[in-house]
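# Observations on the three-dimensional arrangement
These are the residues of each chain, in order.
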Amino acid sequence: MSEISLAILISGNGSNLQAIIDEIESGKLDASIKLVISNNSDAYGLQRAQKYGITNILIDHKNFNEREDFDQKIIEKIDKYNVDLIVLAGFMRILSSKFINAFKNKIINIHPSLLPKYPGLDTHRKVIENKDKEHGVTVHLVDEGLDSGQIIGFMSCEVEKTDTEESIETKIHKLEHYLYPAIIRDIQKGKIHLKNNKVFHNKIVIKNGKKYFN
Ligand code: GRF
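Our subject in this report is the structure included herewith. Since the structure is predicted, the reported quantities are computational estimates derived from the model, not experimental observations. (Residues numbered from 1 in each chain as written. Predicted model: local features only at pLDDT ≥ 70, side-chain atom pairs only at ≥ 80, totals over all residues. Heavy atoms only, no water.)

A separate point is the overall build of the protein. Counting secondary structure elements, the protein contains six helices and eleven strands. In summary, the protein has a C-alpha radius of gyration of 17 Å against a globular reference of 17 Å for 214 residues, a match within 12%. By residue count, 49% of the 214 residues in the protein fall in the buried class. For the protein, restricting intrachain contacts to residue pairs at least 6 apart in sequence, the fraction spanning at least 24 positions comes to 63%. Taking the 30 positively charged and 29 negatively charged side chains of the protein as two groups, their mean positions are separated by 4 Å. (Helix = DSSP H or I, 4+ residues; strand = E, 2+ residues; numbered from the N terminus. Rg over C-alpha atoms; globule rule 2.2 N^0.38 Å. Buried < 20%, exposed > 50% of the residue type's maximum accessible area, 1.4 Å probe, protein only. Contact = heavy atoms within 4.5 Å. Lys, Arg positive; Asp, Glu negative; His and termini not counted. Charge placed at Lys NZ, Arg CZ, Asp CG, Glu CD.)

In C-alpha cells form, the structure reads like this:
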C-alpha cells in the first residue's frame, strides 16, 4: 500500500490536524500532508503546520465576493499537489458543488455529534439541553449539504449527569483525535473505499471503547 497524500483544510485551533501529524510522526499512519489551507488568518493550526515544515496557505474568504471564487482559489491550490484525500478538520465554510465535484469521493469531514443527529453548530449545548445519554463524533463524506454526506464511521461516549459543555468538549476531542487518524489509516490501507460518492467496505464503529465494523 502506498502512502496517502493529504490536503487538510482548517479554520481554527487545528487539534485534529495535530492528531494526524502525530500519527504520521509516530509511524502509525503512512501519509504525507502536502498542504494545509486556512480561511482564517488567526487559525493556530497554521502555526502547527509551520512547525512541521508543512506548506500552509491562508485563503481568506473575506477577500472574495462569491463563494465559488473562494472555492476556485482553493481548488487551484490543491490541484497543484494532486492529493488523494481532502480532510476537513474544523473548516468552518460550506463548500459549493463546484468544489465537491472537483474532488469527488475525496473529501471527508469530522463532525462533533452522532450524525444525522445535530448537524451544524452548538452540538454539545444541544446534547446537554436535551439530556442525551450518548454523544459522539462522526466522520463522513462531504456533499453539498450541511454535515449530510454518507457516514464513514463514528465513535460514541456516555454523557454523565455531571458533564458540562466544557467537559463534553474535552471528551469529544479525545474521540476525534483517535477516530480521524484511524479512518484515514483504513482508507490508506484500502479497508474503506470511497467511490461514486458512497462508502464501500466496512464502516468503523466504536462504542464503549470497542472498535468493530458493520
Ligand atoms: C472539531 O470539534 C470538529 O469536529 C469540528 O470542529 C472542531 C475543530 O477542532 N468540525 P480543531 O480545530 O481540530 O481543534
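What follows concerns the site of the ligand. Around the ligand lies a shell formed by Asn 13, Gly 14, Ser 15, Asn 16, Gly 90, Ile 110, His 111, Pro 112, His 173 and Glu 176. Here an oxygen atom of the ligand and a backbone polar atom of Gly 14 are 2.8 Å apart. Contributing elements (two or more residues each) for the shell around the ligand: helix 1 (15-25), strand 5 (107-111) and helix 6 (165-188). Looking at the shell around the ligand residue by residue, the class counts come to two nonpolar, seven polar and one charged. (Near = heavy atom within 4 Å. Polar contact = N/O pair within 3.5 Å; in protein donor to acceptor, adjacent residues only side chain to side chain. Nonpolar A, V, L, I, M, F, W, Y, C, P; charged D, E, K, R; others polar.)

Contact pair helix 1 / helix 2 (residues 44-51): the axes reach a minimum separation of 9 Å and the direction vectors enclose 20°. Here helix 1 is positioned roughly parallel relative to helix 2, judged by the angle of their axes. With respect to the hand of their crossing, helix 1 and helix 2 are arranged in right-handed fashion. Contacts from Ser 15, Leu 17, Gln 18 and Ile 21 of helix 1 reach helix 2 at Gly 45, Arg 48 and Ala 49. (Axes fitted to C-alpha atoms, helices over the stretch in contact; angles between N-to-C directions. Parallel < 35°, antiparallel > 145°, perpendicular 65-115°, else oblique. Left-handed = near helix turned anticlockwise from the far one by under 90°.)

Turning to the pattern of salt bridges, a few remarks are in order. Where charged atoms from two side chains of opposite charge come close, those side chains can pair. Taken as a whole and judged by the stated rule, the model has seven salt bridges. With a closest N to O distance of 3.3 Å, Lys 117 and Asp 132 form a salt bridge. Of this pair, Lys 117 sits in the loop between strand 5 and helix 5 (123-129) while Asp 132 sits in the loop between helix 5 and strand 6 (134-141), placing them 15 residues apart in sequence. With a relative accessible area of 43%, Lys 117 lands in the partly exposed category. A salt bridge links Lys 171 to Glu 160; the nearest nitrogen and oxygen atoms lie 2.8 Å apart. Taken together, the residues span a long stretch of sequence, with Lys 171 in helix 6 and Glu 160 in the loop between strand 7 (151-158) and helix 6 at a distance of eleven residues. We classify Glu 160 as partly exposed; its relative accessible area is 44%. In the salt-bridge network here, residues are joined through shared partners; they are Asp 122, Arg 125 and Glu 129. (Salt bridge = Lys/Arg side-chain N within 4 Å of Asp/Glu carboxyl O.)

Turning next to helix 2. Taken together, the buried positions of helix 2 are occupied by Gly 45, Leu 46, Arg 48 and Ala 49. Viewed along the axis of helix 2, the buried residues span an arc of 160°, placing them on a single side of the element. Opposite its buried face, helix 2 presents the exposed residues Gln 47, Gln 50 and Lys 51, each directed more than 90 degrees away. For helix 2, the secondary structure elements touched by its buried residues are strand 1 (4-10), helix 1, strand 2 (31-38) and strand 3 (56-58). (Arc of directions from axis to C-beta.)

Moving on, we get to the nonpolar core. By size, the foremost hydrophobic cluster in this structure holds 40 residues, and its most contacted members are Leu 6, Ile 8 and Ile 108. For this core, the element with the highest residue contribution is helix 6, accounting for eight residues. In terms of nonpolar packing, the next biggest core, distinct from the first, is built from 20 residues, Ala 7, Leu 9, Phe 70 and Leu 95 among them. (Core = buried A, V, L, I, M, F, W, Y, C linked by side-chain atoms within 4.5 Å.)

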